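Spelled out from the first residue to the last, the chains are:
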Amino acid sequence: GSGKFARYASGLWIGAVVGNDTLFSIAEYDYEYRPGYIDENGNPQGIDDPEFRVYKINKGDTLSDDYINWPADQGAHTDENGKPFMMGDQTMFCSYTDGYPEAHNNNAGHTAPLNAQILQTNWCFNSSYIFLNDVIITELRIINKSNLSWTKCYFSIWTDDDLGHSNDDAAGCDSLLSFAYTYNDPNIDPEYGI
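Engineer: What should I look at first to understand the nonpolar core in this one?
Structural biologist: Judged by nonpolar contacts, the single largest core of 13 residues is most densely connected at I14, V18, Y33, L114, I118 and W150. Elements that contribute at least two residues to this core include exactly β1 (7-18), β9 (90-97) and β10 (116-125). Of the residues forming this core, the biggest block, 4 residues, is contributed by β1. Residue contacts for Y33: discarding those within four places in its chain leaves L12, W13, I14, S25, I26, A27, Y96, T97, D98 and I118.

Below is the structure:
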């Protein structure tokens, strides 16, 4: 609720050779993914179905609509009792696909769909956890729902980080630990301060 943010936009990129074509599905300001799934006939479904949305549950709240209607039938994780699987302070889930041809208009992609279905779960931790202070863990289950193999396939997360003000950010990576980071340079940000 602070109105401050660290990321302007981000999303999944997938590229693969399918038959004789090189196909892409991207998320870069103009997103080629829509809510839903690919049915048994290879057709996208669910774009107008309100059941295909972001579900969000908080630790200890078993009375919320999202907890009671947790979408296990869409692939959301459940525990041994069939209840939503909670890890951390908040869990989020959504199912989406690149299968809608009309969504593939981004100039960086603009190919036929891969017919990918993505089941995304975010587990969010607040500062009550010693080693997981303000951390979000994202799991992406990417399923090839086409009847063709993906070869030379690559996955990546594209991101436009804006840590407060967008003109003073720098980025780096630690190749040994396999992570990237964004920081302010200099140490005074117009939105975050010192």
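Engineer: Where do I start with the sheet that holds strand β2 (residues 21-25) in this structure?
Structural biologist: Consider a sheet: its strands pair through backbone hydrogen bonds, and that pairing is either parallel or antiparallel. The 3 strands lie next to each other as β2-β1-β12, forming an open sheet whose pairing is antiparallel. The sheet is open, and its two edges are formed by β2 and β12 (151-161), each paired on a single side. Neighbouring strand axes in the sheet, compared pairwise and without regard to direction, differ in orientation by 15 degrees on average. Note that β1 and β12 share 9 bridges and pair antiparallel. Paired with A9 across the strands is D160, a residue of β12.

Engineer: Can you help me understand the layout of surface pockets in this one?
Structural biologist: Over the atoms, a rolling probe the size of a water molecule traces out where space has been left empty. In this structure, the largest pocket occupies an estimated 1200 Å³ of space. Contributing to the lining of the largest pocket are 32 residues, with R7, S10, N122, I136 and T138 lying nearest its centre. Across the lining of the largest pocket, the residue classes tally to 17 nonpolar, 11 polar and 4 charged.

Calculation criteria
Residues numbered from 1 in each chain as written. Predicted model: local features only at pLDDT ≥ 70, side-chain atom pairs only at ≥ 80, totals over all residues. Heavy atoms only, no water. Core = buried A, V, L, I, M, F, W, Y, C linked by side-chain atoms within 4.5 Å. Buried < 20%, exposed > 50% of the residue type's maximum accessible area, 1.4 Å probe, protein only. Helix = DSSP H or I, 4+ residues; strand = E, 2+ residues; numbered from the N terminus. Contact = heavy atoms within 4.5 Å. Pairing = 2+ DSSP bridges. Axes fitted to C-alpha atoms, helices over the stretch in contact; angles between N-to-C directions. 1 Å grid on protein atoms, 1.4 Å probe; cavity = no way out; pocket = protein on both sides within 12 Å on 5 of 7 lines; lining within 4 Å. Points joined across faces, edges and corners; volume = space filled by probe spheres on them. Nonpolar A, V, L, I, M, F, W, Y, C, P; charged D, E, K, R; others polar.

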